[in-house]
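Architecture and fold: a report
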Amino acid sequence: QRDGPEFTYDILYERGVKAYEDGSWYACASHFYRSIQDYQFYMEDVTHCRLTCKKGVISAEAVDIDFELNYYWKIVKISDCLQRCNREKLGKRAETPASHLVNEKFEDRVPYDYLQFCLFKLEMYKEAAASAYTYFITHQDHQRIIDSMKYYRGLEGVTDEDFKDLERNDIQDTYASGLNAYHASDWTSAIENFEESLRLYFEEEEKCRAACEGPYSHKGHPDFTNAVADHFLVVLFCQYKCEEKLSVFGKEFQPNFVSEHYNYLQYSYFKVNDMDKAVRAVATFILFQPNNETMLKNKAYYKRNSGVHQRHFIPFEEAKQYYERRKIVSDIIDYVKTKHALSPDKLVDETSNAWRGTKPSLKEINNPHSIYQPFMEYSKDFGVTIFAESAELGSSRLAADGFLHDDHCRIISDFIRKRKPGSTGVRQITIPEIMQDIAKENENVISLRLLTERIESFQQYISAYYNSAVLFVKQAKIVCREGDGEWEKKQHEDCIPQEDGSCIKTFSHLSDQEYIGVVYLTNVTDGTGELYFMDKDKQIKSSLAPKCGRLVIFKASQQHGVNPSSVNERCSLYVHLTSNVNDEDKSQRQVKEFLNKMDEGRAKQPSEVNNTEILQQFYDQGNIKILRSIGCITFMVKEKMISMNDVLLALDISEMSRHLVEKFLNLSHPLYFDFTHLVCRTAKEEAAENRSNDLSHPVHADNCVLQPDGTCIMELHLYPQRRYSAILYLNEDIEGGDFFFAYPNKTVQVSVKPKCGRLVAFNAGDFHGVKAVLKGQRCALAMWYTMDSSYNEISRKYARRVFSKMEAEGKKRTIREKNNVQNAVKNKVQNKNAGIQKSQSSSKSASKESKDVGAEHTDNESDVSTGNKINSLMEVKSTDKEEL
Ligand SMILES: O=C(O)CCC(=O)C(=O)O
Ligand SMILES: [Fe+2]
């Protein structure tokens with residue numbers, strides 16, 4: 001068993017991409033090199049297991065029972081062997097394989113494309129040329145890579161030899177040596193090389209076939225035989241391509257690569273007077289190409305002149321097996337293409353040259369839905385938890401929580417604020433209408449991005465749940481029902497309110513291929529406003545209360561209704577999906593195009609990570625009394641619970657901290673906020689004496705999960721994007737609550753007392769914790785920084801936008817008031833104006849002040865060095881803590 005690598009190829013790939021995006025060329029190259037190497041090791045182990053298990057079991061004695069039982073008995077034994085072998089070879093990795101999307105990237109040689117660019121940036125042109133060429137081998141129509149290769153070739157020091165296929169096996173080289181020897185009439189060496197190249201070929205071909213036996217996810221719920229056949233065919237098509245993949249010489253595919261060996265060999269054997277083998281080589285060649293005239297003439301010659309008979313023409317065994325195997329495989333494929341009940345064009349695209357990567361791979365064609373399958377799994381990691389399924393809700397229905405965070409709910413419901421209720425008291429806005437609003441006011445782009453991204457995720461989630469290849473959005477809209485009980489009920493006496501905002505008298509018959517997904521945007525806490533499902537007799541069978549982030553999925557044909565809510569407003573994002581592409585609402589696509597344009601082609605979505613999740617548990621334990629994100633405090637400003645200036649101050653101070661950290665670490669690339677929040681930890685009631693060893697926040701790192709053995713594992717669904725952390729303390733009138741850096745065994749390395757204005761900054765991978773707060777309330781502004789701009793904290797932009805709008809409205813109001821009152825009492829107007837101006841200017845001066853403070857205090861007070869990690873302590877003269 002190999003020691004598992006610290007990071008597996010999928011993680012390294014992910015990091016490589018990030019480094020590439022950050023312009024960290026060295027990190028990019030090193031991550032991609034390591035990822036390619038790890039992938040090769042990994043695949044070697046996996047195929048080794050497949051081959052040895054199969055050989056071991058196949059050669060074991062067969063039980064003399066009927067064919068089928070015997071066969072599956074063997075399969076069971078092979079599978080048992082495989083599990084053991086994988087566990088032994090791969091250790092923990094066997095349990096958490098990389099997603100097949102990543103594997104496809106490796107199969108398709110995508111890492112080499114990144115690699116060539118990063119190497120180019122590092123001015124490693126020879127290496128860049130090799131990587132580019134390696135990528136080119138599977139992407140021969142790729143203009144950009146062709147241009148890059150031309151460019152590299154023109155550079156000084158780069159020669160033809162540098163353009164080598166880094167993924168090549170030894171077959172080509174050996175074959176080339178054979179050819180050279182042959183042309184130099186060195187028959188012995190020619191024979192040696194051609195025999196070796198054949199041996200390598202058969203070996204590689206076997207490995208290639210074993211590599212095809214990967215996972216498969218089924219469409220629908222096929223019965224046993226169909227499930228086996230489906231998976232088998234996918235494997236078989238993949239295996240059939242192995243010949244194409246290995247029969248390459250130079251950069252060209254050689255159609256008769258295997259049989260050509262026997263052509264050369266027959267002549268070489270003849271030349272060294274090995275008639276026995278020469279005759280067998282003739283027979284082998286004719287097996288592959290029965291109508292080849294030259295070889296038939298040769299055969300006649302041997303018969304005539306060397307006294308050999310027909311019975312001597314025995315093909316070589318390994319070639320014969322290879323040939324017969326391929327013959328059966330191609331018969332099966334022919335059969336499937338022409339006669340199989342499955343639509344053959346769906347099953348395989350004859351012209352596709354999957355391996356060369358210019359067309360979608362066979363797997364995609366054959367199994368399009370599989371890309372969605374892991375999606376639900378993956379969503380769990382983002383906090384989407386299924387809480388009711390068919391058993392509780394009725395068949396083909398699902399409800400889950402956590403699809404949106406509170407911030408998201410507010411941002412999305414904002415779109416509908418200006419809409420007036422219709423005659424039934426329902427407010428709604430569709431995506432095209434949102435687009436129109438945005439076109440008019442040119443704002444809300446960030447919110448729109450969030451909305452479309454969420455709709456898309458939802459669409460994938462629903463597709464995954466119904467195991468459907470692709471579902472199209474027929475309609476998406478936001479629907480709000482006013483919470484005012486009696487009035488609503490009257491409106492709906494003779495019809496059944498629907499989630500889409502309508503109220504229907506009779507159910508129309510909808511296709512079974514249409515689906516509805518609803519995500520609630522508000523909490524309805526008084527037990528009203530439920531969604532309910534009915535059976536055929538209109539009896540209510542199950543119901544569900546709306547709650548921000550809760551999603552419900554059901555078939556459109558299933559009859560549902562909505563109870564009016566009596567107090568709270570009931571808002572939801574309603575998405576109607578269909579399998580019929582003609583019914584697709586094209587505006588979804590327009591929105592995407594629009595966003596792409598807005599983003600200068602960079603259509604990356606904001607982080608989906610729920611940053612407050614981890615701290616939530618402390619919150620639940622009563623340890624943390626205040627936990628506020630920027631989104632949350634922005635909302636509080638809107639609701640007039642706190643003043644805008646206070647929040648602006650927090651934004652500015654955190655911004656200043658970011659600058660400080662950037663400067664202190666001497667970074668050449670900017671840091672972006674990943675997440676900012678205010679945390680206050682309060683002493684527990686119980687006696688302080690008993691708590692001296694308690695921790696308020698256990699030892700952890702901010703971007704990886706500390707393992708019992710002291711290592712720290714980056715989980716892609718957590719926060720690997722976080723590079724640095726900073727905590728700005730806001731008070732010191734407390735006992736306990738020391739921050740500390742820790743050793744991997746969790747013992748204290750060095751501790752820091754919180755103090756108003758003190759900033760601790762560190763590499764997000766450093767271990768740290770917080771000791772119990774013994775007395776008082778300890779408040780801090782926690783900040784996490786990333787170098788990946790696509791994680792840039794959306795709430796910060798949102799807050800700025802909300803505030804500037806509020807300010808603009810404030811100004812408008814001032815002008816309006818001014819005009820109105822001007823004509824009446826001039827003196828009063830002046831006073832009023834003065835008041836408003838004052839508060840505005842104080843907002844500006846507050847933020848300006850804090851910026852000046854930052855400029856004065858960029859120097860750090862003390863350094864704490866922990867090995868190769870960077871920790872730093874800085875003092876920031878902050879304004880009064882009460883301001884926050
Ligand atoms: O409040 C502190 O001093 C540290 C908090 C922390 O480490 C975290 O929230 O991840
Ligand atoms: Fe932390």
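The structure reproduced in this document is the subject of the present report.

Further remarks concern the coordination of the iron ion (ligand 2). Donor atoms from the polypeptide that bind the iron ion (ligand 2) are His700 (NE2), Asp702 (OD) and His768 (NE2), placed at 2.1 to 2.2 Å. Each donor residue of the iron ion (ligand 2) lies on one chain, and together they are spaced H-x1-D-x65-H. Taken as a pair, Asp702 in the loop between strand 17 (695–700) and strand 18 (705–706) and His768 in strand 25 (residues 768–771) lie far apart in primary sequence, 66 residues in all. The same class applies to Asp702 as to His768, namely buried.

Another aspect to go through is the packing of helix 9 (residues 187–211) against helix 12 (residues 257–271). Closest axis-to-axis distance for the helix 9/helix 12 pair is 9 Å, and the angle between their directions is 155°. Considering their axes alone, helix 9 and helix 12 lie roughly antiparallel with respect to each other. In the crossing of helix 9 with helix 12, the sense of the turn from one axis to the other is left-handed. On the side of helix 9, the interface is formed by Trp187, Ala190, Ile191, Phe194, Glu195, Ser197, Leu198, Tyr201 and Phe202, while helix 12 contributes Phe257, Val258, His261, Tyr262, Tyr264, Leu265, Tyr267, Ser268, Tyr269 and Lys271. Classifying every residue of the contact of helix 9 with helix 12 by side-chain character gives 14 nonpolar, three polar and two charged.

What follows deals with the sheet that holds strand 25. On the basis of which strands lie adjacent, the open sheet formed by four strands has the order 17-25-22-23 and antiparallel pairing. Taken across any chain shown, the strands that pair with only one partner, and hence form the sheet edges, are strand 17 and strand 23 (748–752). Averaged over all pairs of adjacent strands, the angle between strand axes in this sheet comes to 25°, irrespective of strand direction.

For the rest of this paragraph, the subject is the packing of aromatic side chains. Within a pair of aromatic rings, the relevant descriptors are the distance that separates the centres and the angle that separates the planes. Across all of its chains, the model carries 47 aromatic pairs by this definition. Ring geometry for Tyr175 against Phe257: centres 4.7 Å apart, planes inclined by 55°, an arrangement best described as tilted. One end of the pair, Tyr175, is in helix 8 (residues 170–183); the other, Phe257, is in helix 12, and 82 residues separate them in sequence. A relative accessible area of 6% means that Tyr175 is categorised as buried. Judged by its relative accessible area of 1%, Phe257 is buried. Above the ring of Phe533, the side-chain terminus of Arg397 is found at 4.0 Å from the ring centroid. Of note, Arg722 hangs over the ring of Trp784, and the distance from its end group to the ring centre comes to 4.4 Å.

What counts, and at which threshold
Residue indices follow the written sequence of each chain, beginning from 1 at its first position. Chain letters and ligand numbers both follow the written order, the letters beginning at A and the numbers at 1. Side-chain atom pairs in this predicted model are given and counted only at pLDDT of 80 or more, local residue features only at pLDDT of at least 70, and totals for whole chains, interfaces and linings cover all residues. To get the side-chain values, all heavy atoms of the structure are used, and hydrogens and water are removed first. A donor here means an N, O or S atom no more than 2.8 Å from the metal, or no more than 3.2 Å when the metal is Na, K or Ca. Since water is not included, a site may seem to lack partners. Runs of E in the DSSP output that reach at least two residues are strands. Runs of H or I that reach at least four are helices, and both are numbered from the N terminus. Accessible area is worked out with a 1.4 Å probe on protein chains only. A residue is then buried under 20% of its type maximum, exposed over 50%, and partly exposed in between. Only the stretch in contact is used when a helix axis is fitted, and all axes are lines through C-alpha atoms; the angle between N-to-C directions ranges over 0 to 180 degrees. Every angle not falling under 35 degrees, over 145, or within 65 to 115 is termed oblique; those three ranges are roughly parallel, roughly antiparallel and roughly perpendicular. Crossing handedness is defined as follows: a turn of the near helix away from the far one that is anticlockwise and smaller than a right angle gives a left-handed crossing, while the clockwise case is right-handed. A contact between two residues is defined here by any heavy atoms of the two lying within 4.5 Å. Amino acids are sorted into nonpolar (Ala, Val, Leu, Ile, Met, Phe, Trp, Tyr, Cys and Pro), charged (Asp, Glu, Lys and Arg) and polar (every other residue, Gly among them). Two strands are counted as paired when DSSP detects at least two bridges linking them. For Phe, Tyr and Trp, rings pair up if their centres lie within 6.5 Å, where Trp contributes its six-membered ring, and each pair is then called stacked (planes under 30 degrees apart), edge-to-face (over 60) or tilted (otherwise). Two thresholds decide whether a charge sits over a ring: the Lys NZ or Arg CZ must be within 6 Å of the ring centre and within 35 degrees of the ring normal.

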